[in-house]
Amino acid sequence: MVLPGGAWLFVFFLVPILFLASVSLQTGNIFDGFRLTWHFRNYVDAVQLYHVQFLRSLRYASIATAVTIVVSYPLAYWIAFRGGRHKTTFLFLLLLPFFVSFVIRTLAWQFILADDGIVLGPLKRWHLLPQSFHVLATSTAVIAGIAYNFLPFMALPLYVSLERIDRSVVEAAQDLYANKLEVFRRVIFPLSIPGVFAGVLLTFVPAMGDYVNASILGGTKTTMIGNIIQLEYLTNFHYPIAAALSFILMAVLLLGIFVYARVLGTRSIEEYV
Amino acid sequence: MADIDVRMDQVSKQFAEVTAVDELTLEIDRGEFFSLLGPSGCGKTTTLRMIGGFEEPSRGRIYLGGKDVTTMAPYRRNVNTVFQSYALFPHLTVFDNVAFGLRRKKVQKTEVGRRVGDALRLVDLPGFERRKPSQLSGGQQQRVALARALVNEPQVLLLDEPLGALDLKLRKQMQLELKRIQNEVGITFLYVTHDQDEAMTMSNRIAVMRHGRIEQIGAPEDVYEAPATEFVAGFLGASNLLDGEVKDSDGSRATIRLRTGDAITVPAERLDGPERKVKVGVRPEKIKLEQDSEPLAGGWNAIEGTLRMATYVGVSHQFTIDGPGDRPLTVYAQNLGAETIPAPGQRVRLVWRPEHTFVVRPSEPLADWEEET
């Protein structure tokens, strides 16, 4: 049983990781080739050059994750508790826009939010907004784009955790003098924490490395670490720096998940399961 | 009025096309252990849920301690429920589960501690405060659910088949335990069950329900000894029923002639209304089996039949007899060890006292309710 899984992990995970680690410690250029020189300075350079974008990505991903929670919790709650016979229909409607490609969806937002587009154009013509007003190329646009694109990754685990709460437990709380707010605060919310936990992981991790939203909806001041990695790899051919950045991103995410799991507790998840 | 805890006045509940509860009127006295007994789908759980506030009646009023609570939210009612699935809060410890209601009522912290401790002692679970529900056995979870409800000292405790998930031995033990606890706390218990033994063991009074209506209300012995309908006779224990016709009644005694011509004497007060076509019944343990050569004791009812099967059950012998009716008759004889057991094929006489005879109006065939369970 271990062998096929182990082989799979070795070929598709360990080998690429080791290759990436090796690249991150190489020196050279695209014309003369790269050689492994154990050049740990690549990491120092990467942090010195790009810590701004790093912290920005952290901030954007955090805010976007918070926004997805705020938007999808009521949505998931409503479908789970009030959806009745049409739960699957509502879930399908929620997911419907996401059958369209990620990039196309983001481009559609670019079109909608354009400076003289279908929304801002008329508003400006009617002098409801100043001519200089714009949404694109702001951090708001990028964060909103990320939040929009990753919404299902938050909404679905939340829905699942809310859906599996035993309805008699809710009735028991009502029976024991809890009003609506207390039922939510003391019973429903604590029991939905595994869903929040899973949703945050599924949203924050990809949001942190995302570059599509920043490149389509953002501007020069909203560059994220994903854009930098893409730039260094595909445009500048600075493979070692790009590899080092990827490693730092991975390390930060792993550390973050570890701390997060410790605080919110995989222990408590096991108890709920 | 003051000593009636629960009053339901012509309460009905309609779910889409189905009438779950039909014009139900019911009064439960303070401190009573009252059971709603019936097959699944008879409306007993819906009745309980309407008293708890989880369903709103389509028609009729519900009063708790004289106060109209028909449309009151569950959390405002002074009743607590022990749910069939226990419905313990999985994320809270036993202590926090039991303390939940007290904390919502803003009871002082020291008093919460004291009362939770008392409640856990009452259900025989002291020392379990720090455990989580998932670390408890089914029986222990059941006790926590009971403590969680009782700790609030509700006016009425509603129990929805709370022992359904336990095995037989534990269930028997918990039945006595529940009766003890009810005696100790003196709270009115309204107990829903489909298990007739359970209802008879614990209750002061039983309401037998069927198709959303009450068939009979009474003390266990009344309901058992003098069932009002064919359904009640069949649902509570085994009974032998024979078709007959009322011939004459002379005040205290009435005579019913069976289809075969045998005459059966019954106490006149057992006759219900002017109905002529009736069914007479007698419980299997009330019948004595005699050889038909023996002289017949005067004043006893007697019919004859052929013994088809004798089964040894240990505590008793169980006999199946082909008698005058279309269905075979059943007789239980306590295993005293001295009597001679008749052999299959032998002619036997079944005798019993007239006061052990009951009369019911014929209703639909019993297969009707067997399908529902």
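Structural data are supplied above this passage.
Bear in mind that the values here come from a model prediction, so they are computed numbers and not experimental data. Per chain, residue numbering runs from 1 following the sequence as it is written. Following the order in which they are written, the chains are lettered starting with A and the ligands numbered starting with 1. With pLDDT at 70 or above as the cut-off, local features in this predicted model cover only qualifying residues; side-chain atom pairs require 80 or more to be listed or tallied, and sums for whole chains, interfaces and linings still use all residues. Excluding hydrogens and water, the side-chain values take into account all heavy atoms of the structure.

Novice: Lay out the overall build of chain B in plain terms, naming residues and giving numbers.
Specialist: Assigned secondary structure in chain B consists of nine helices and 20 strands. Viewed in the frame of its principal axes, chain B has a C-alpha envelope of about 80 × 45 × 35 Å. Only protein chains enter the calculation, and the probe is 1.4 Å; a residue is then buried if its accessible area is under 20% of its type maximum, exposed if over 50%, and partly exposed in between. Residues classed as buried in chain B amount to 50% of the 373 residues present. In chain B, the share of contacts with a sequence separation of at least 24, taken over all contacts with a separation of at least 6, comes to 67%. Surface accessibility in these figures is a Shrake-Rupley result with a 1.4 Å probe; residues are shielded only by whichever protein chains are displayed. Looking at chain B as shown, the accessible area adds up to about 16800 Å², and 48% of this sits on carbon and sulfur atoms. When the 48 positive and 53 negative side-chain charges of chain B are each reduced to one mean point, those points stand 7 Å apart. For helices the rule is a DSSP run of H or I covering at least 4 residues; for strands it is a run of E covering at least 2, with both sets numbered from the N terminus onward. Two residues qualify as a contact provided that any one of their heavy atoms is within 4.5 Å of a heavy atom in the partner residue. The charge count treats Lys and Arg as positive and Asp and Glu as negative. His and the chain ends do not count. Each charge is placed at NZ for Lys, CZ for Arg, CG for Asp and CD for Glu.

Novice: Got a sec to walk through the interface of chain A and chain B? Specific residues and values, please.
Specialist: Taken residue by residue, the interface counts 19 residues in chain A and 24 residues in chain B. Put simply, buried area is how much 1.4 Å-probe accessible surface two parts lose in total, over both of them, once they are put together. Between chain A and chain B, roughly 2000 Å² of surface is buried when both sides are summed, and carbon and sulfur atoms account for 60% of that area. Three residues, Asp175, Leu176 and Tyr177 of chain A, lead the burial of chain A against chain B; their summed loss comes to 39% of the area buried on that side. Any Lys or Arg side-chain nitrogen located within 4 Å of an Asp or Glu carboxyl oxygen qualifies as a salt bridge. Put simply, chain A and chain B have three salt bridges between them. N or O atoms within 3.5 Å of each other form a polar contact, as long as, within protein, one can give a hydrogen and the other can take it, and as long as residues adjacent in sequence are counted only when both atoms are side-chain atoms. Put simply, chain A and chain B have eight residue pairs in polar contact (both at pLDDT 80 or more) between them. Put simply, the parts of the chain that give the side of chain A that touches chain B at least two residues each are helix H7 (167-175), helix H8 (180-209) and helix H11 (239-272) of chain A. Per-class residue counts for the side of chain A that touches chain B are ten nonpolar, three polar and six charged. In this classification, the charged set is Asp, Glu, Lys and Arg, the nonpolar set is Ala, Val, Leu, Ile, Met, Phe, Trp, Tyr, Cys and Pro, and all remaining amino acids, among them Gly, are polar.

Novice: Quick one: what's the story with H7 of chain A, residue by residue and with numbers?
Specialist: Counting buried positions along H7 of chain A yields seven of nine residues, so the element is predominantly enclosed. For H7 of chain A, the full list of buried residues reads Ser168, Val169, Val170, Glu171, Ala172, Ala173 and Asp175 of chain A. The elements touched by buried residues of H7 of chain A are helix H2 (41-82) and H8 of chain A together with helix H1 (44-52), strand S6 (79-82), helix H2 (94-104) and helix H4 (138-150) of chain B. Downstream of H7 of chain A by one or two residues, Tyr177 of chain A has phi in the positive range, about 70 degrees.

Novice: Which residues make up the nonpolar core, and what values go with them?
Specialist: In terms of nonpolar packing, the biggest core is built from 57 residues, with Ile146, Ile225 and Leu245 of chain A together with Phe89 and Phe100 of chain B touching the most fellow members. Of all elements in the fold, only H2, helix H3 (87-95), helix H6 (139-163), H7, H8, helix H10 (225-235) and H11 of chain A reach the threshold of two or more residues within this core. Ranked by the residues each element gives to this core, the list is headed by H6 of chain A, at eleven residues. Excluding anything up to four places from it in sequence, Ile225 of chain A contacts Tyr50, Gln53, Phe54, Ser57, Met208, Leu245 and Leu249 of chain A. For our purposes a nonpolar core is just a set of buried Ala, Val, Leu, Ile, Met, Phe, Trp, Tyr and Cys residues, chained together by side-chain atoms within 4.5 Å. Ranked by size, the runner-up nonpolar core spans 37 residues in total, among them Leu150, Leu157, Leu163 and Leu166 of chain B.

Novice: Can you tell me about the packing of aromatic side chains, naming the residues and giving the values?
Specialist: Any two rings among Phe, Tyr and Trp, with Trp reduced to its six-membered ring, count as a pair given centres within 6.5 Å; such a pair is stacked if its planes are under 30 degrees apart, edge-to-face if over 60, and tilted if neither. Scanning the entire structure with this criterion turns up 21 aromatic pairs over all chains. Both rings, one in Tyr73 of chain A and one in Phe184 of chain A, keep their centres 5.7 Å apart while their planes meet at 85 degrees; by these two values the pair is edge-to-face. Of this pair, Tyr73 of chain A sits in helix H2 while Phe184 of chain A is found in helix H8, placing the two residues 111 residues apart along the sequence. Take Phe184 of chain A: its relative accessible area is 29%, and that puts it in the partly exposed class. Plain terms: the ring middles of Phe184 of chain A and Phe189 of chain A are 6.0 Å apart, the flat faces sit at 40 degrees to each other, and that makes the pair tilted. The rings of Tyr73, Tyr77, Phe81, Phe184 and Phe189 of chain A are connected pair by pair, giving a single aromatic cluster. Lying over the aromatic face of Phe100 of chain B, Arg104 of chain B brings its terminal NZ or CZ to 4.6 Å of the ring centre. In our convention, an over-ring charge means Lys NZ or Arg CZ found within 6 Å of a ring centre and within 35 degrees of that ring's normal. Cation over ring: Lys288 of chain B sits above Trp300 of chain B, and NZ or CZ is 5.5 Å from the ring centre.

Novice: If you had to explain a nonpolar patch on the surface to someone new, which residues and values would you point to?
Specialist: Residues and elements named next belong to chain A. Residues with no salt bridge and a relative accessible area higher than 30% make up the patches, which join like charges within 9 Å and nonpolar side chains (Val, Leu, Ile, Met, Phe, Trp, Tyr) within 5 Å. Residues Trp8, Leu9, Phe10, Val11, Phe12, Phe13, Leu14, Val15 and Leu18 make up a contiguous nonpolar surface patch of about 940 Å² in total accessible area. Mapping Phe10 onto the fold places it in helix H1 (residues 2-24). With a relative accessible area of 46%, Phe10 lands in the partly exposed category.

Novice: Would you mind going over the packing of H2 of chain A against H6 of chain A in detail, with residue names and values included?
Specialist: All names here are of chain A. Viewed as axis vectors pointing N to C, H2 and H6 meet at an angle of 40 degrees, and their least axial separation amounts to 6 Å. The angle between H2 and H6 falls in the class oblique. You can see that H2 and H6 cross each other, and the crossing is right-handed. Classifying every residue of the contact of H2 with H6 gives 23 nonpolar, four polar and one charged. Note on geometry: axes are C-alpha line fits, over the in-contact stretch for helices, and angles between N-to-C directions span 0 to 180 degrees. Throughout, the term roughly parallel applies to angles under 35 degrees, roughly antiparallel to angles over 145, roughly perpendicular to angles from 65 to 115, and oblique to all others. Here a crossing is called left-handed whenever its near helix is offset anticlockwise from the far helix by less than a right angle, and right-handed whenever the offset is clockwise.

Novice: Describe helix H4 (residues 102-113) of chain A, and please don't skip the residues or the numbers.
Specialist: Think of an α-helix as turning once every 3.6 residues; residues three or four places apart then point the same way. With twelve residues, H4 of chain A extends 17 Å between its outermost C-alpha atoms, agreeing within 8% with the 16 Å of an ideal straight helix rising 1.5 Å per residue. Put simply, Ser101 of chain A is the residue that caps the front of H4 of chain A, since its side-chain oxygen is 3.2 Å from the backbone nitrogen of Val103 of chain A. What a helix should span is 1.5 Å times the count of its residues minus one.

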